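# Survey of secondary and tertiary structure
Here is what each chain is made of, one letter per residue.
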Amino acid sequence: MRIRFFGILPFIFCAAALNAQNSSGSMRGVVQDSAKARVSAATIDVEWSGSSQTRHATSDSQGEFRVEDLTPGSWHVSVYAPSFANATADVSVAASTTRDILVTLQPSTVQQAVGVRAQSSSISTQPIDLSSNVHQSVVTTQDLEGLPLPARSFANIAYLAPGTEPVEPSDPTKARITAVSTGGSSGLNNELTVDGGDNSDDYIGGFLQNFSPDAIQEFAIRTAQEDADTGGTTAGSIVTTTKSGTNEWHGIAAFYERAAALNARYPIENPAPNPKQPFSRQNYVGTLGGPIEPGKLWFFTAFESVQENASIAYSPTSATQFDALSSLASEGLIPEVPSITVPDNVRIPFRDYFGSLRLDWTQSAKSQWFLRGSTDTYTTHNDLVQQATLPSTGLLTHNNYFSLLISTQYTFTPTLVGKLVLNASGLHLTQSRNSDLGFALAFPVSSTALTVSGFETYGDNQFATPITFFPSERNQEKYQIRYDVSSARGRHAMKFGVNFIHEPVLGGAFPNSTETLFQLPQNPTYYLSNPSQFSTDLLAGATTSNLGGSFSQNVQRLALYAQDSWRVSPSLTFNYGLRYSTSFGLFNGSGHSQTNNPGYITLAALGIPLVASAPHDDRKQIAPRLGFAYSPGSSRMTVLRGGFGLYFSDLAQTGWATALQAVNMPPGPCVDPVQNQDSSQNAGCVPGSASGGTANLIDSGYKTPYAIHISGGVQHAFNANWSLSADYIHEQGNHAYRAYSYTGGINLFTPELPVTDPNQATYVPNVNVFHSDNRSSYNGLMVHLQGNVTRRFNLIANYTLSKAQTWGCVLGELFDYVNGVCNPLNSFGPGDYGPSGEDVRQRFVIAGTLQAPAGFQISALSQGESARPFTITTADNSMRIAINGLPTSLDQFRGTPYLQTDLRVSRPVSLRDSWTIMPFAEFFNLFNRNNPGANYVTNIASLPVPSAQAQAGNITDICTNAACTSTEPITSPNQLRLAGGALGDFFGPGTTVGIPFAAQLGVRVTF
């Protein structure tokens, strides 16, 4: 027999034909004789290697067959038919894909030929999928083990997939879980599953729990056009499968070592001759799998420990400002603070322990089960300390994650399979401050990038940013039940399913002490020369608040879906489906509706029709999916595919926290605050803006954010060694999140008083209204080339030409709450539409492996991209600056292009009984390129411009010396580009801010 696979492709835009979210794969094929006549009634048996799990199928009248819900891995295929020789081969099935095979049977008198060999890596070995329009790439355990991973996060390698980008995690509580951007977004809008269980953070989005790369069998990165069984995303999804035990004992023991001696300096923050920035990290990894009862019960366990001692080394600029601040304290200008210690660096110890245990049980030939439990716990000292902030602003963060998943699959008939997934997961986070002074000082120097603007330079960490703030405690409990029925009959492969998620706990709490934040317009060096101005600005910039109080939701999510893959002909497949989803209790806090929000009641009493009514759960989430795959001719070496779909997601609710917090308690009365403000019948009114009153509301016109995906492309295998694909994707975002901020007496008025009445601010509070009215677009052309250059060398190359745009004020993101509006009375104003923060116009990735002489293995990953955008804001971070009287637009500025090459060199040594020891060396940023990315100073007060212009927000000149006694006119916006320091531990490693050259040594022992 010859089983031929039509083409090769490692990281391809290919299919998740019917098994997307539950992480299974499928196999379909054609049985023919040597004259290419179809063979009907042939028996096909597939057995999972290393176990007794078997499946059966029979070819139909057209010689076609299909087997659904196969566990990812190697399957032994046997084909039997009367008058023909039996045929066997090993076939690799990947997660969330359909494997097409062609079986050519020989007469019984002719010896069969087997044409499939095991491959060492998914690099240039995956076949073209001829049945689906889903755009995806599959990464296997061989890739996770063979390519250099800067952060040992499996997400690092996801960047090999066309249409993905590195992106910093937007939540500091998950800084070590590297995020993946798809469709020009922040990555928070991707749907994430592990073994079919939901692994999405429903508070801010992104990954919930981290897993060791050595616990992962493979994962599929889908960048567009998921099938109907996938929801909770407006961009892409990542489907992960963990490893399992087999009848053979197998395991890994590994050690990784990094140290300051192996790292280059980061010249911006740690220039010579200052002492080198301290750093060390060790990873300890162990896995073990094997049979408990051969052929019936297996186990696999994995454990990894990270012992890291990182540090923040202050740049000369930061040190100068800190020394000036210390002098201000010694002069008695900072109340109750006689001195401030300025260290040379701040150590940031990080300890992480995560592991998993999986049991697989074959109850019978028809029934298979598995149980997987996983946990992750870590602590970070001096968390959130930044390059321009002192240790007092740090935190001790302790995170605990767990998940428990049970899955069972039952084969009712060879063509009818049912699969049940029960999943429970939880998160518990606590943060305690390094300082409890009751106040904080914020200077412009601490604003190095918009996502962290507003960080306090000294004092309590209040995390008061113009975008949002993060809780000091978080809790999430999630329980999921999902059931799918797959049926492969004739030319149709259908799936029906229901997915229900119950989250009785989704909430947290903010620090509940009354605090004062002093936001000063100048840096400490200025005040050292103008001490009297310091006292004046200290009082003028004081705001007192208490962010305390918990917020809590009890949310349920329900999805129903049906889909079909219809093989109209051997060359043409239609994929179509329909998904309905909805949520329950999305807007309730602590069991109370938003009608109990004091802000809502106060606005009604003031006669301000800003929010007409309470928001309601959206019951109109109807999402059709439609696509095709066409392979012209008989060679089956080319496939054309296209698709259309709607994708809804209501995750990332961080912006609502204050609105949910507002309804914790039943509201007090508020009838007529203007007429009788001090009356008891108005005791529940929110105070006016003059008294610091703020109301937080969710717009009554809420609609679930969704995106429209339209795609088309072609893929061609030139021969057994080379293939090329090109795909175009358009994603149109609708009803994304935005925050409208109104100021009482300035742009928000009560009709009870004349607009010009100065008492407007006495009665009308500041109001933040969270809308879902943003719009965005993403267009991308993605080209992928892969092949085997020689028998010893294979590679892939990706090129993406794209454009991502959205509406925003000082930062643009797709489907993310960081998009505020500059003017709530003109929310789609001039200059407010521009590139997203992940608008990378051109991106190139090349990766390859080489089997070098003397048994050495060399693998490399190089990525380059055009500059990312950023915005320069006014001193108070509320608006964009103007240059020579002309207002700048959203994300008008661009950083510098990013280019980084990582290399891995190893030399496996085979020992007896299948034992292998492999020492290796990894080199990150091999050429030590300075990669600040878009990390440029984004607050005008921190740039070398005249002080008066910085405060006015209109820049006409730039300083030419440190004292700014001489200037020159601004002739180009690029004159205002000033690289900021590294972003410290907030984002974690492996992000858009490239690290200097670093080396890692290690050894792996496998058996």
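Coordinates for the structure precede this section.
All of the points below concern the structure found in this document. (Residues numbered from 1 in each chain as written. Predicted model: local features only at pLDDT ≥ 70, side-chain atom pairs only at ≥ 80, totals over all residues. Heavy atoms only, no water.)

## Some words on the overall build of the protein
The helix and strand inventory of the protein stands at 9 helices and 51 strands. Over its C-alpha trace the protein gives a radius of gyration of 30 Å, about what one expects of a compact globule, namely 30 Å for 1007 residues. Once the C-alpha set of the protein is aligned to its principal axes, its extents read approximately 100 × 65 × 55 Å. Expressed as a percentage of the 1007 residues in the protein, the buried residues total 62%. At a minimum sequence separation of 6, the contacts of the protein that also span at least 24 residues come to 74%. Accessible surface computed for the protein: about 34,300 Å², of which carbon and sulfur atoms make up 59%. The centroid of the 57 positive side-chain charges in the protein is displaced by 12 Å from the centroid of its 74 negative side-chain charges. (Helix = DSSP H or I, 4+ residues; strand = E, 2+ residues; numbered from the N terminus. Rg over C-alpha atoms; globule rule 2.2 N^0.38 Å. Buried < 20%, exposed > 50% of the residue type's maximum accessible area, 1.4 Å probe, protein only. Contact = heavy atoms within 4.5 Å. Areas by Shrake-Rupley, 256 points an atom, 1.4 Å probe, with all protein chains shown as cover. Lys, Arg positive; Asp, Glu negative; His and termini not counted. Charge placed at Lys NZ, Arg CZ, Asp CG, Glu CD.)

## Some thoughts on the pattern of salt bridges
Tallying each qualifying case throughout the model produces 32 salt bridges. Ionic pairing is found between Arg372 and Asp195, a salt bridge with its closest N-O pair at 3.0 Å. With Arg372 in strand E20 (residues 367-383) and Asp195 in the loop between strand E12 (191-194) and strand E13 (197-198), this residue pair connects regions lying 177 residues apart in the sequence. The pair formed by Arg372 and Asp195 is uniform in burial state, with each residue classed as buried. Glu503 serves as the salt-bridge partner of Arg557, at 2.6 Å between the closest nitrogen and oxygen. Here Glu503 lies in strand E26 (residues 492-510) and Arg557 lies in strand E29 (residues 549-569), a separation of 54 residues in the sequence. This pair shows no difference in class: Arg557 is buried, exactly as Glu503 is. (Salt bridge = Lys/Arg side-chain N within 4 Å of Asp/Glu carboxyl O.)

## Structural notes on the pairing of strand E2 (residues 25-33)
With 9 of 9 residues buried, E2 is to be regarded as a mostly interior element. Direction of pairing for E2 relative to strand E5 (residues 64-70): antiparallel, over a ladder of 5 bridges. Bridged to Met27 within E5 is Val67. Bridging between E2 and strand E8 (residues 98-105) involves 8 bridges; their strand directions are parallel. Along E8, the bridge assignment pairs Val31 with Val103. (Pairing = 2+ DSSP bridges.)

## Some remarks on the state of the cysteines
Applying the stated criterion across every chain yields a total of 3 disulfides. The side chain of Cys670 participates in a disulfide bridge whose partner is Cys685; the two sulfur atoms lie 2.0 Å from each other. For the disulfide bridge between Cys670 and Cys685, the dihedral angle about the S-S bond is near 105 degrees, and by the sign convention the bridge is right-handed. Residue Cys670 is found in the loop between helix H7 (657-661) and strand E33 (694-698), and its partner Cys685 is found in the loop between H7 and E33; the two are separated by 15 residues along the sequence. Paired by a disulfide, Cys959 and Cys964 hold their sulfur atoms 1.8 Å apart. Because the sign of the S-S torsion sets the handedness, a value of about -65 degrees for the bond joining Cys959 and Cys964 places this disulfide among the left-handed ones. (Disulfide = S-S within 2.5 Å.)

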